[in-house]
Amino acid sequence: MALLVSELTYMNQLCNTFRQDVLRVLRDKQTGHPGGSLSVCEILTALYFHAARIDPEDPRKADRDRIILSKGHAAPMLYRVLAEKGFFPVEEMNTLRDFETRLQGHPSASHTPGVELSTGPLGLGLSAALGMALGLKLDGSPARVYVVLGDGEINEGTVWEACMCAAKYGADNLIVILDWNGVQLDGPTDEVMPTGNLPAKFREFGWNCLECDGHDISALCESLDTAASPGGRPVIILAKTVKGKGVSFMEGQSTWHGKPISEAEYAAARQELGGAE
Ligand SMILES: Cc1ncc(C[n+]2csc(CCOP(=O)(O)OP(=O)(O)O)c2C)c(N)n1
Ligand SMILES: [Mg+2]
């Protein structure tokens, strides 16, 4: 079902606020991962504010959908989205990476409300999600498991083992969204370790493969709606994104994978995003 204009406007406004807030806290803390956080902004927003059936008032509800950020270094954006969703106060963002904070540098299921799986070491999220998805099916649960992977992350061999296994067991309650920004920690994915023809690869692995613009909320929501109908196969949405999206001098630059933001850079970024400070 098409989004209402008001829903679309709301989610796009959220994304702009999320970008500004994440950049501010990363500037304050002089640490963190701006590139991958900006890249995944619309994906997480569409998941938490459109697709997933989760309730912060009842966070452990048995039939809740699960969302796993396997590319755990984008934790700042996940935290900002979780805060907006009501899992904890937005002000808690100011404790990011502090000693004993609930908002560790990478997501921790034992610290942070709303986090389903601790991540950070790349390549483990899909296997864990598959186990959850198959377990939920055995229990007769209607819950879905969503996993966000990075395109550098899929260099990890465990990802492909899980892909084969998910197809074999018909895990059609498993939905992967690939943050397909073409860049990883220290260069373009095509140079570091080319992943080839991803749509063909995933289809050959037995997956239902969808493609969309990963910064277009309408397109993302439409793909997520399509993915939500069980069809006997696991689903991957290849979401085309731009690393550092929204800040011209960060876009497509691996140097902005994990670099502290200076005052001048922050001011320029804020201006581009239409903010004031
Ligand atoms: C197993 C493992 N190896 C290396 C790292 C270090 N590392 C953190 S992020 C990253 C690059 C990830 O690139 P990508 O998946 O494309 O993420 P994005 O572009 O969305 O930031 C690497 C190599 C890690 N976290 N885990
Ligand atoms: Mg990448």
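One can find the structure itself at the top, above this paragraph.
For clarity, every value in this text was computed on a predicted model and none was experimentally measured.

All right, on to the side chain of S141 then. Turning to its location among the elements, S141 is positioned in the loop between α5 (125-138) and β2 (145-150). According to the relative accessible area criterion, S141 is buried, its value standing at 14%. At a separation of 2.8 Å, a polar atom in the side chain of S141 contacts the side chain of D63. Within the structure, S141 has its side chain in polar contact with the backbone nitrogen of A143 (distance 3.0 Å). Other than its neighbours up to four places away in sequence, S141 contacts A62, D63 and L136.

Right, let's get into the coordination of the magnesium ion (ligand 2). Around a metal, the idealised angle for a tetrahedral arrangement of four donor atoms is 109.5 degrees; for an octahedral arrangement of six donor atoms it is 90 or 180 degrees. In the first shell of the magnesium ion (ligand 2), the protein supplies D151 (OD), N181 (OD1) and V183 (O), at 2.1 to 2.2 Å from the metal. Spacing between the donor residues of the magnesium ion (ligand 2) along their common chain follows D-x29-N-x1-V. Here D151, found in the loop between β2 and α6 (157-168), pairs with N181, found in the loop between β3 (174-180) and β4 (183-184); they are 30 residues apart in sequence, far enough to count as distant. In this structure D151 comes out as buried when scored by relative accessible area, which is 3%.

Taken together, the neighbourhood of ligand 1 is formed by 17 residues, with K71, H73, D151, G152 and K243 sitting nearest. Between ligand 1 and E153, the relevant distance is 2.8 Å, taken from an oxygen atom to a main-chain nitrogen or oxygen of the residue. The fraction of the free accessible surface of ligand 1 (590 Å²) that becomes covered by protein chains is 77%.

Reading the values: the criteria
Residues numbered from 1 in each chain as written. Chains lettered and ligands numbered in written order. Predicted model: local features only at pLDDT ≥ 70, side-chain atom pairs only at ≥ 80, totals over all residues. Heavy atoms only, no water. Helix = DSSP H or I, 4+ residues; strand = E, 2+ residues; numbered from the N terminus. Buried < 20%, exposed > 50% of the residue type's maximum accessible area, 1.4 Å probe, protein only. Polar contact = N/O pair within 3.5 Å; in protein donor to acceptor, adjacent residues only side chain to side chain. Contact = heavy atoms within 4.5 Å. Donors = N, O, S within 2.8 Å, 3.2 Å for Na, K, Ca; no water. Near = heavy atom within 4 Å. Areas by Shrake-Rupley, 256 points an atom, 1.4 Å probe, with all protein chains shown as cover.

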